[in-house]
Amino acid sequence: MLGAPIQKRYRFGPVIICLIWFEALCFPLYAIAPNPLLLGVISACLFVAGPIYNVVQFSYRISLIPDELQGRVNSVFRLLAFGFQPFGFALTGLLIQWFQVVPAILFLSACALLLAILTSVNKHVIHAGRA
């Protein structure tokens, strides 16, 4: 419900940068959440940001790619985006097993922070137009 209006009103770059920073700043809160209710609030914030990100990036991708290549590009995108998820889940499990929950959250938060910084300085993202 929020993705389409945001995608129509704002340019791709600022929206993606804001969403990645939002997720990078929310994720470490898992380490200090004192109860299940606060964990739920943090998760809800992240689960709201995810679909907005997906709508904005998908709309932008659709607007740039010629129709005859849509299927191929979509297939490769999904292969990469969803193909690495099991690796990420396994890595997260290993980090929790080896170092416990809070250090694992802090390590993954540092990775998210690094991605947010890299996204923020990427000239292609900064100067990307509307979908």
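The rules behind the values
- Residues numbered from 1 in each chain as written.
- Predicted model: local features only at pLDDT ≥ 70, side-chain atom pairs only at ≥ 80, totals over all residues.
- Heavy atoms only, no water.
- Phe/Tyr/Trp six-rings, centres within 6.5 Å; stacked < 30°, edge-to-face > 60°.
- Helix = DSSP H or I, 4+ residues; strand = E, 2+ residues; numbered from the N terminus.
- Buried < 20%, exposed > 50% of the residue type's maximum accessible area, 1.4 Å probe, protein only.
- Lys NZ or Arg CZ within 6 Å of the ring centre and 35° of its normal.
- 1 Å grid on protein atoms, 1.4 Å probe; cavity = no way out; pocket = protein on both sides within 12 Å on 5 of 7 lines; lining within 4 Å.
- Points joined across faces, edges and corners; volume = space filled by probe spheres on them.
- Nonpolar A, V, L, I, M, F, W, Y, C, P; charged D, E, K, R; others polar.
- Axes fitted to C-alpha atoms, helices over the stretch in contact; angles between N-to-C directions.
- Parallel < 35°, antiparallel > 145°, perpendicular 65-115°, else oblique.
- Left-handed = near helix turned anticlockwise from the far one by under 90°.
- Contact = heavy atoms within 4.5 Å.

A.B. asks: Could you clarify how one ought to interpret the packing of aromatic side chains in this entry?
C.D. replies: When we look at a pair of aromatic rings, we describe it by the centre distance and by the angle of the planes. If you walk through the whole model with that rule in mind, you get two aromatic pairs. Considering the side-chain rings of Phe-12 and Tyr-60, the 4.1 Å spacing of their centres and the 15 degrees angle between planes classify their relative orientation as stacked. In this pair, Phe-12 sits in helix α2 (residues 12-26) while Tyr-60 sits in helix α3 (residues 36-64), placing the two residues 48 residues apart along the sequence. With respect to burial, Phe-12 and Tyr-60 carry one shared label: buried. Aromatic pair Phe-27 and Tyr-30: ring centres 5.3 Å apart, planes at 85 degrees, arrangement edge-to-face. Arg-61 extends its terminal NZ or CZ atom over the ring of Phe-77, reaching a point 3.8 Å from the ring centre.

A.B. asks: Looking at this structure, how should I read the layout of surface pockets?
C.D. replies: One simple way to see leftover space: roll a probe sized like a water molecule over the atoms. The space that makes up the largest pocket amounts to roughly 1800 Å³. The set of elements that each furnish at least two residues to the lining of the largest pocket consists of α2, α3, α4 (70-83), α5 (85-99) and α6 (101-121). In terms of residue class, the lining of the largest pocket is made up of 25 nonpolar, ten polar and three charged.

A.B. asks: Teacher, can you tell me more about the packing of α2 against α6 here?
C.D. replies: Each pair of packed helices can be summarised by the angle the axes make with each other and by the distance between the axes. Here α2 crosses α6 at 165 degrees, and the two axes come no closer than 9 Å. Viewed along their axes, α2 and α6 adopt a mutual orientation that is roughly antiparallel. For the element pair α2 and α6, the recorded crossing hand is left-handed. In this structure, α2 contributes Ile-16, Ile-17, Ile-20, Trp-21 and Ala-24 to the contact, and α6 contributes Ala-112, Leu-113, Leu-115, Ala-116, Ile-117, Thr-119 and Ser-120.

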